[in-house]
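Chain and residue survey
One-letter residues, chain by chain:
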Amino acid sequence: MLLLRALMLGGLIVFQVGGAAVLFRRLLPRESPWLALLVPPLALVILLNCLEHFLPLPWLGWLLPVLTAAIIWALWTTPREQLRDLRLPFAIFTATYIFVLAIKSVKPMILNITEGVADLNRILDFCFGERLPPTDGFLPPYTHQWYYTFQHYGAAVVKRLFDLDIGTAYNFSFALVGAWVGLAGAGAAWHISRGRAW
């Protein structure tokens, strides 16, 4: 049952990221297809981060049907020629995501001998429904102001968007970050080589 849940959730996340790339190509057809898989999720997290400085959003489940409707509209109305450019970047993103998630699934535990517990705390700090910056869970009443928490905020968005428990959000977000790093490296290599395989 857990494997089925993981497969369905992984498929939903890949559908959302790929669909957002199609929407990006629909709205900005002249931009790089490699950026189409990177920019929309980053833009969503930045937009939500800016909003939450003024309006706390403890639950983002309402946003999932809106995003899915926009993705279905984009899939329905985008010319197939624009989608052809997305094949290679989407295949690399999906393969890298599946690879990283499979490796993470071998040992999904979040160990207390690494920064796992601190990372979970940082993710959880963004889920309490406070305006940003939130109260630090380790040192209340101080606010959570660390220099590299954007990745943790992104994981909290995944948790609140898909209504996940914190450990599942941590592991799936870990795979997303790994897939985006792999995609960025492949996109840079593609542009440096001007699209030649050898």
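Residues numbered from 1 in each chain as written. Predicted model: local features only at pLDDT ≥ 70, side-chain atom pairs only at ≥ 80, totals over all residues. Heavy atoms only, no water.

**So, the overall build of the protein chain**
- From N to C terminus, the protein chain includes eight helices and zero strands.
- Reading the secondary structure of the protein chain in the N-to-C direction produces α-α-α-α-α-α-α-α.
- Across its three principal directions, the C-alpha atoms of the protein chain cover 55 × 40 × 35 Å.
- Scored against the burial criterion, the 198 residues of the protein chain give a buried share of 41%.
- For the protein chain, the share of sequence-separated contacts (at least 6 apart) that also reach a separation of at least 24 residues comes to 71%.
- A total of about 11,700 Å² of accessible surface is found on the protein chain, and carbon and sulfur atoms cover 72% of it. (Helix = DSSP H or I, 4+ residues; strand = E, 2+ residues; numbered from the N terminus. Buried < 20%, exposed > 50% of the residue type's maximum accessible area, 1.4 Å probe, protein only. Contact = heavy atoms within 4.5 Å. Areas by Shrake-Rupley, 256 points an atom, 1.4 Å probe, with all protein chains shown as cover.)

**Description of a nonpolar patch on the surface**
- On the surface, L12, F15, I72 and L75 cluster together into a nonpolar patch covering about 300 Å² of accessible area.
- Sorting the residues of the nonpolar patch by element identifies helix 1 (2-27) and helix 3 (63-77) as the ones contributing at least two each.
- Within the secondary structure layout, L12 lies in helix 1. (Patch = residues over 30% accessible without salt bridge, like charges linked within 9 Å, V, L, I, M, F, W, Y side chains within 5 Å. Salt bridge = Lys/Arg side-chain N within 4 Å of Asp/Glu carboxyl O.)

**A few points about unusual backbone geometry**
- Going from L132 to P133, the amide bond is cis rather than trans, its omega being -5°.
- By the secondary structure assignment, P133 is in the loop between helix 6 (116-125) and helix 7 (150-162).
- Between P140 and P141 the backbone carries a cis peptide bond, its omega angle lying at 10°.
- Within the fold, P141 resides in the loop between helix 6 and helix 7.

**A word on the environment of L7**
- Residue placement: L7 occurs in helix 1.
- L7 sits in the exposed class, given a relative accessible area of 57%.
- For the pair L7 and I98, spaced 91 residues apart in sequence, the C-alpha separation works out to 9.7 Å.

**A closer look at the pattern of salt bridges**
- Summed over the entire model, instances satisfying the criterion amount to four salt bridges.
- E52 is the salt-bridge partner of R160, the closest N and O atoms lying 3.0 Å from each other. Linking R160 in helix 7 with E52 in the loop between helix 2 (33-51) and helix 3, this pair joins segments that are 108 residues apart in sequence.
- R160 sits in the buried class, given a relative accessible area of 3%.
- Take E52: its relative accessible area is 1%, and that puts it in the buried class.

**Topic: the packing of aromatic side chains**
- In total, this model carries four aromatic pairs according to the counting rule given.
- A centroid spacing of 6.0 Å and a plane angle of 10° characterise the contact between F93 and Y97, whose relative ring orientation is stacked. Residue F93 and its partner Y97 are located together in helix 5 (residues 87-106), separated by four residues, close to a single helical turn.
- Classification of F93 as buried rests on a relative accessible area of 0%.
- Aromatic rings pair up to connect F93, Y97 and W180 into one cluster.
- For K104, the ring lying beneath its charged end belongs to F174, and the centroid distance is 4.8 Å. (Phe/Tyr/Trp six-rings, centres within 6.5 Å; stacked < 30°, edge-to-face > 60°. Lys NZ or Arg CZ within 6 Å of the ring centre and 35° of its normal.)

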